[in-house]
Amino acid sequence: MPLHGLASVTIGVPDVEVTSAYYADFGLAPQPAGGWMSTTDGGHQLRLVHRPHRQLVELVVRASDRDDLARIAGRLARLDVPADGSQPDTLVAVAPAVGTRVVVRVLPPITPTVAPLPASNGPGRTERFNRRADAVLRSGAVQPRRLGHAVLGTTQLAVTKAFFVDGLGFKISDYISDRGVFLRCSADHHNLLLLAAPANFLHHTSWEVDDADEIGRGATAMLEDHPERHVWGLGRHHAGGNFFWYLRDPAGNFSEYFADMDANLDDQLWKPEVFEGREGLYDWGPPPPPSFLHPDDLADLMIGSHTAA
Ligand SMILES: [Fe+2]
């Protein structure tokens, strides 16, 4: 695939300092300059900047080479979307409706640190004996490996989808009825989910950790002194198949720990499905709270959307 994943997100928030402290607790490493925070494998992947309303300001997508940028520029032109290719190895366009600045940049692939599979026990299968489970002996703070995906609410689903699919070349992995579409630009089941919404807003960003135990350890640490951060988890999604736990940052954006997502979908073999009802949301876990589907600040964001428009 000419595109090979997300490089970074820039999130606008009213209080950068307070929100930075949240993401440091989440396990991202603050960098000395520019408001950047890092994952262990992906490097600088989150930047926080000041905005009056929370929003996804910028999304950087990794491309393989300059020819990819030229092809994308041609496709965007056919969609009548202006694109700026004046910077080297970079193409910049604004995603229609959502207003996010999308930067496609020639970048090397991320080399993941391999997470060893812990020995586990089950009926008729004993891999671990005379010692405690690896997971209960873990003591260090959880550190996300990399940025996995972002989820955007859009007031014009068809237009925003056309930009990412017909313009940038994202592939369709699955649908949530006629209200959402999972898109990928890497081996992951999804790197972007677009949801029809009454406002243009950032629903969540998602960060990969080694396994379900790291999700549990990370969320437990996040909630210890801040139970108000809890949103939804632990559970397992149907679309994408990943374990999840969602938490809320001080600006109202959700951040997700995820592990074990479906991967390497072959364009010839993978058949996108349309999920209705619960399968569009999850396989198992506690029921999602109403605020997951309709964030508490949605009315404020609608006013912000209209002001911006
Ligand atoms: Fe997610």
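What counts and what doesn't
- Residues numbered from 1 in each chain as written.
- Predicted model: local features only at pLDDT ≥ 70, side-chain atom pairs only at ≥ 80, totals over all residues.
- Heavy atoms only, no water.
- Pairing = 2+ DSSP bridges.
- Helix = DSSP H or I, 4+ residues; strand = E, 2+ residues; numbered from the N terminus.
- Buried < 20%, exposed > 50% of the residue type's maximum accessible area, 1.4 Å probe, protein only.
- Contact = heavy atoms within 4.5 Å.
- Axes fitted to C-alpha atoms, helices over the stretch in contact; angles between N-to-C directions.
- Parallel < 35°, antiparallel > 145°, perpendicular 65-115°, else oblique.
- Nonpolar A, V, L, I, M, F, W, Y, C, P; charged D, E, K, R; others polar.
- Salt bridge = Lys/Arg side-chain N within 4 Å of Asp/Glu carboxyl O.
- Donors = N, O, S within 2.8 Å, 3.2 Å for Na, K, Ca; no water.

## Here we look at the sheet that holds strand 18 (residues 254–259)
Judged by pairing direction, the sheet is mixed, and its 9 strands sit side by side in the order 16-17-18-15-11-14-13-12-19 without closing on themselves. Sheet topology places strand 16 (230–236) and strand 19 (274–275) at the edges, where each strand pairs with a single neighbour. Pairing of strand 11 (residues 146–154) with strand 15 (residues 201–208), which is carried by 7 bridges, proceeds in the antiparallel orientation. What sits directly across from Leu147, in strand 15, is Trp207.

## Here's the deal with the environment of Leu6
With respect to the helices and strands, Leu6 occurs in strand 1 (residues 3–13). Given a relative accessible area of 3%, Leu6 falls into the buried group. Considered as a pair, Leu6 and Pro109 are 103 residues apart in the sequence and their alpha carbons are 10.0 Å apart. Every residue in contact with Leu6, bar those within four places of it in the chain, is listed here: Gln45, Leu59, Val60, Val61, Arg62, Leu147, Gly148, His149, Ala150, Cys185 and Asn191.

## Here's the deal with the packing of helix 2 (residues 66–78) against helix 4 (residues 157–168)
Helix 4 packs onto helix 2 with a crossing angle of 135 degrees between their chain directions and a minimal axis gap of 8 Å. As judged from the angle between their axes, helix 2 and helix 4 are oblique. Where helix 2 abuts helix 4, its residues Ile72, Arg75 and Leu76 lie against Phe163, Asp166, Gly167 and Leu168. Tallied by class, residues from the contact of helix 2 with helix 4 come to 4 nonpolar, 1 polar and 2 charged.

## Considering the pattern of salt bridges
Inspection of the entire model under this criterion finds 18 salt bridges. With a shortest N-O distance of 2.9 Å, Arg229 and Asp25 are connected by a salt bridge. With Arg229 in the loop between helix 5 (212–223) and strand 16 and Asp25 in helix 1 (residues 16–26), the pair connects residues that are 204 residues apart, well separated along the chain. We classify Arg229 as buried; its relative accessible area is 9%. Look at Asp25 and you get partly exposed, because its relative accessible area is 45%. The partner of Arg66 in a salt bridge is Asp89, with the nearest N and O atoms 2.5 Å apart. Linking Arg66 in helix 2 with Asp89 in the loop between strand 6 (83–84) and strand 7 (90–94), this pair joins segments that are 23 residues apart in sequence. Salt bridges sharing partners connect three or more residues here, namely Arg138, Asp211, Glu214 and Arg217.

## Concerning unusual backbone geometry
Leu234 follows Gly233 through a cis peptide bond whose omega is -10 degrees. Within the secondary structure, Leu234 is located in strand 16. Within the chain, Asp80 stands out as a residue other than glycine whose phi angle is a positive 65 degrees. Looking at where Asp80 falls in the secondary structure, it is placed in the loop between helix 2 and strand 6.

## Topic: the coordination of the iron ion
Distances from the iron ion to its protein donors, His149 (NE2), His204 (NE2) and Glu256 (OE), fall at 2.1 to 2.2 Å. When the donors of the iron ion are listed by position in the chain, the intervening gaps give H-x54-H-x51-E. Here Glu256 lies in strand 18 and His204 lies in strand 15, a separation of 52 residues in the sequence. Look at His204 and you get buried, because its relative accessible area is 3%.

Nothing here speaks to function; it is all geometry.
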